[in-house]
Amino acid sequence: MPDWFIGFLKKLEYVFLQKDRYKQILTGLGNTVIITLGALVIGVIIGIIVAAIRSSYDKNKESLKLRGGPGYYILKVLNGICKFYLTVIRGTPVVVQLMIAYFVIFISIKDGVPIGIFAFGINSGAYVAEIFRGGIMSVDNGQFEAGRSMGFSYIQTMRHIIIPQMFKAVLPTLCNEFIALLKETSVAGYVGVMDLTKAGNSIGGRTYQYFIPLFTVALIYLAIVMLLSWLVGKLERRLRKSEH
Amino acid sequence: MNTDEILIKVSGLKKSFGEIEVLKGIDVEIRRGEVVVVIGPSGSGKSTFLRCLNRLEEPTDGNIFFEETDITSRDVNIDQHRQKMGMVFQQFNLFPHMMVMKNLTLAPVKLRHKTKEEAEQKAMELLNAVGLADRADAYPSQLSGGQKQRIAIVRALCMEPDVMLFDEPTSALDPEMVGEVLEVMKDLARHHMTMVVVTHEMGFAKEVGDRILFMDEGVIMESGTPEDFFGNTKTERARSFLDKVL
């Protein structure tokens, strides 16, 4: 074995195995995955609600205005709230939102992971909402009319007819949002969360060896992203096939 | 079989889109079991009129009584009345993500609280009647236009409606498929289904219609039996329209 290789192995052993430092990487990976998945769930729920409100306002404002009654004004206010949410969340950096959540809003909670899930979920919801809204608008209006003409309410039509079709249309885009979210969670260290990035940084600080831990962290992100991208590609091909 | 029972009564119906007044005051009564065919040049408001009947278009003014309920009234739950008004569209509007059987049973199961078995049995009977029983497990994309429209008619019938509204049901079809759809509609008429049909098929209007409504510029210009309308056209507009299409 060449000398440089033996040296490299020794460094690896020092960086990862001594004092079980590899466990930090595992903890970090676990936290990154938990925050990403949790945020995705929150993001999808917020996204559906916001997209449903925004698109029903766009689709129904004329007829609701004509009918009179409070319906139009309720929807208008809800739509205004959604627009405000989208503007603020998409107009400010996620790391600032995260710090506000941790240091200002949930000042009594010391564990950064649930706060990370909350903050990234709120953030992701804004982007997912716009993806969903585009998806809802792309479903042919005749589908709405068919549903309504059979006696389904607006919400039932959405639930049984429009949203299943919307999901099919936006699934690849949604997966890309998921990939982006995974990388964005790397700022969770700002609020004291031991995520994957923070783990690499912390090992680097302890060992004065930054090269190995940071490249390891980068490779782990890359591997996850490549795996997800491959899955998205497969999914896209399958969806295209079932469309004829 | 015309009874004297008025199923739908429209009075003073107006509809504007922004500045443009598409319907300028429609008054008409449709009796149970009657087949009313609405014809007229494009842009005459006939589709808008039909779509106002189940409030797919919100009327700007006027009243529509369906089974003696004013369905334009604010406290009416329109969804409940729509269950009794089947509608067939020019573009079929089948649900592409569901198999034919699911298309047919979705509304009866969710809205009528039928069991899946009941709904499927009813759907199968109707599929048999239109000769498509073997396509129950197909997706809409695997069907021809004529098949799609026949399925769309069956889908509306699965709710056991009191009236069927047809919005140019054959206009998007290849010519060789028009016949099979009209045949299903004729069969419905023979079974005394109340029908309001917007169409350009003059042959169908003559043969099946109990009454012709000729619309132009947002009003009903002429109304009468097919013999009367085609044999003894009263207005100049209707004459010039018939000259062009016949």
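Nothing here was measured: the structure is a model prediction, and the numbers come from that model.

1. With respect to the layout of surface pockets
Okay, step 1: Reported here for the largest pocket is a volume of approximately 1,200 Å³.
Okay, step 2: Looking at the largest pocket, it is lined by 38 residues, and the ones nearest its centre are Asn60, Ser63, Leu64 and Arg148 of chain A together with Glu58 of chain B.
Okay, step 3: Of all the secondary-structure elements, those providing two or more residues to the lining of the largest pocket are α2 (22-67), α3 (71-91), α6 (141-149) and α7 (154-184) of chain A together with β1 (6-17) and α2 (78-82) of chain B.
Okay, step 4: Class assignment of the residues belonging to the lining of the largest pocket gives a composition of 13 nonpolar, 12 polar and 13 charged.

2. Some thoughts on the nonpolar core
Okay, step 1: Counting 84 residues, the largest nonpolar core has Phe132 of chain A together with Ile8, Val10, Phe49 and Leu53 of chain B as its most contacted members.
Okay, step 2: Among the elements that take part in this core, α7 of chain A stands out by supplying 12 residues, more than any other.
Okay, step 3: Once residues within four sequence positions are removed from consideration, Leu53 of chain B is found in contact with Ile8, Val10, Ile64, Ile71, Met85, Leu165 and Val196 of chain B.
Okay, step 4: Among the nonpolar cores identified, the runner-up in size contains 49 residues, and Ile39, Phe92, Val181 and Val184 of chain B belong to it.

3. Some thoughts on the environment of Thr207 of chain A
Residue and element names in this part refer to chain A.
Okay, step 1: When you line up the elements, Thr207 lands in helix α8 (residues 196-207).
Okay, step 2: The class for Thr207 is buried, based on a relative accessible area of 3%.
Okay, step 3: Those residues in contact with Thr207 that lie beyond four places of it in its chain are Tyr14, Val15 and Arg21.

4. Describing empty space enclosed by the protein
Okay, step 1: Scanning the model with the defined rule gives 1 cavity of 30 Å³ or more in all.
Okay, step 2: Of the voids in this model, the largest cavity is the one considered here, and its volume is about 80 Å³.
Okay, step 3: In terms of lining residues, the largest cavity is bounded by Ser149 and Met150 of chain A together with Arg82, Gln83, Met85, Gly86, Met87, Ala152, Arg155, Ala156 and Met159 of chain B.
Okay, step 4: Mapped onto the lining of the largest cavity, the elements with two or more residues apiece are β6 (85-88) and α5 (145-157) of chain B.
Okay, step 5: Of the residues belonging to the lining of the largest cavity, the class tally is 6 nonpolar, 3 polar and 2 charged.

5. Overview of the sheet that holds strand β5 (residues 69-70) of chain B
Residue and element names in this part refer to chain B.
Okay, step 1: Overall, antiparallel pairing links the 4 strands, which are arranged β2-β1-β4-β5 in an open sheet. Two strands close off the open sheet at either side, each with one partner strand: β2 (20-31) and β5.
Okay, step 2: Relative to strand β4 (residues 61-66), β1 runs antiparallel, the two sharing 5 bridges. Across the sheet, the residue bridging to Ser11 is Asn63, located in β4.
Okay, step 3: Strands β1, β2 and β4 of the sheet are contacted by helix α1 (residues 46-53), whose axis makes an angle of about 120° with β1.

6. Regarding the interface of chain B and chain A
Okay, step 1: Between chain B and chain A, the contact holds 32 residues from the first and 24 residues from the second.
Okay, step 2: Of the roughly 2,200 Å² buried where chain B meets chain A, counting both sides, 58% is carbon and sulfur surface.
Okay, step 3: Among the ionic pairs, Glu145 of chain A bridges to Arg51 of chain B, the shortest N-O distance being 2.6 Å.
Okay, step 4: Remark: the boundary between chain B and chain A carries 5 residue pairs in polar contact (both at pLDDT 80 or more).
Okay, step 5: Residue assignment for the side of chain B that touches chain A shows that the elements contributing at least two residues are α2, β6 and α3 (100-111) of chain B.
Okay, step 6: Residue contributions to the side of chain B that touches chain A peak at 5 residues, all from α3 of chain B.
Okay, step 7: By residue class, the composition of the side of chain B that touches chain A is 13 nonpolar, 10 polar and 9 charged.

The rules behind the values
Residues numbered from 1 in each chain as written. Chains lettered and ligands numbered in written order. Predicted model: local features only at pLDDT ≥ 70, side-chain atom pairs only at ≥ 80, totals over all residues. Heavy atoms only, no water. 1 Å grid on protein atoms, 1.4 Å probe; cavity = no way out; pocket = protein on both sides within 12 Å on 5 of 7 lines; lining within 4 Å. Points joined across faces, edges and corners; volume = space filled by probe spheres on them. Helix = DSSP H or I, 4+ residues; strand = E, 2+ residues; numbered from the N terminus. Nonpolar A, V, L, I, M, F, W, Y, C, P; charged D, E, K, R; others polar. Core = buried A, V, L, I, M, F, W, Y, C linked by side-chain atoms within 4.5 Å. Buried < 20%, exposed > 50% of the residue type's maximum accessible area, 1.4 Å probe, protein only. Contact = heavy atoms within 4.5 Å. Pairing = 2+ DSSP bridges. Axes fitted to C-alpha atoms, helices over the stretch in contact; angles between N-to-C directions. Buried area = accessible area lost by both parts, 1.4 Å probe. Salt bridge = Lys/Arg side-chain N within 4 Å of Asp/Glu carboxyl O. Polar contact = N/O pair within 3.5 Å; in protein donor to acceptor, adjacent residues only side chain to side chain.

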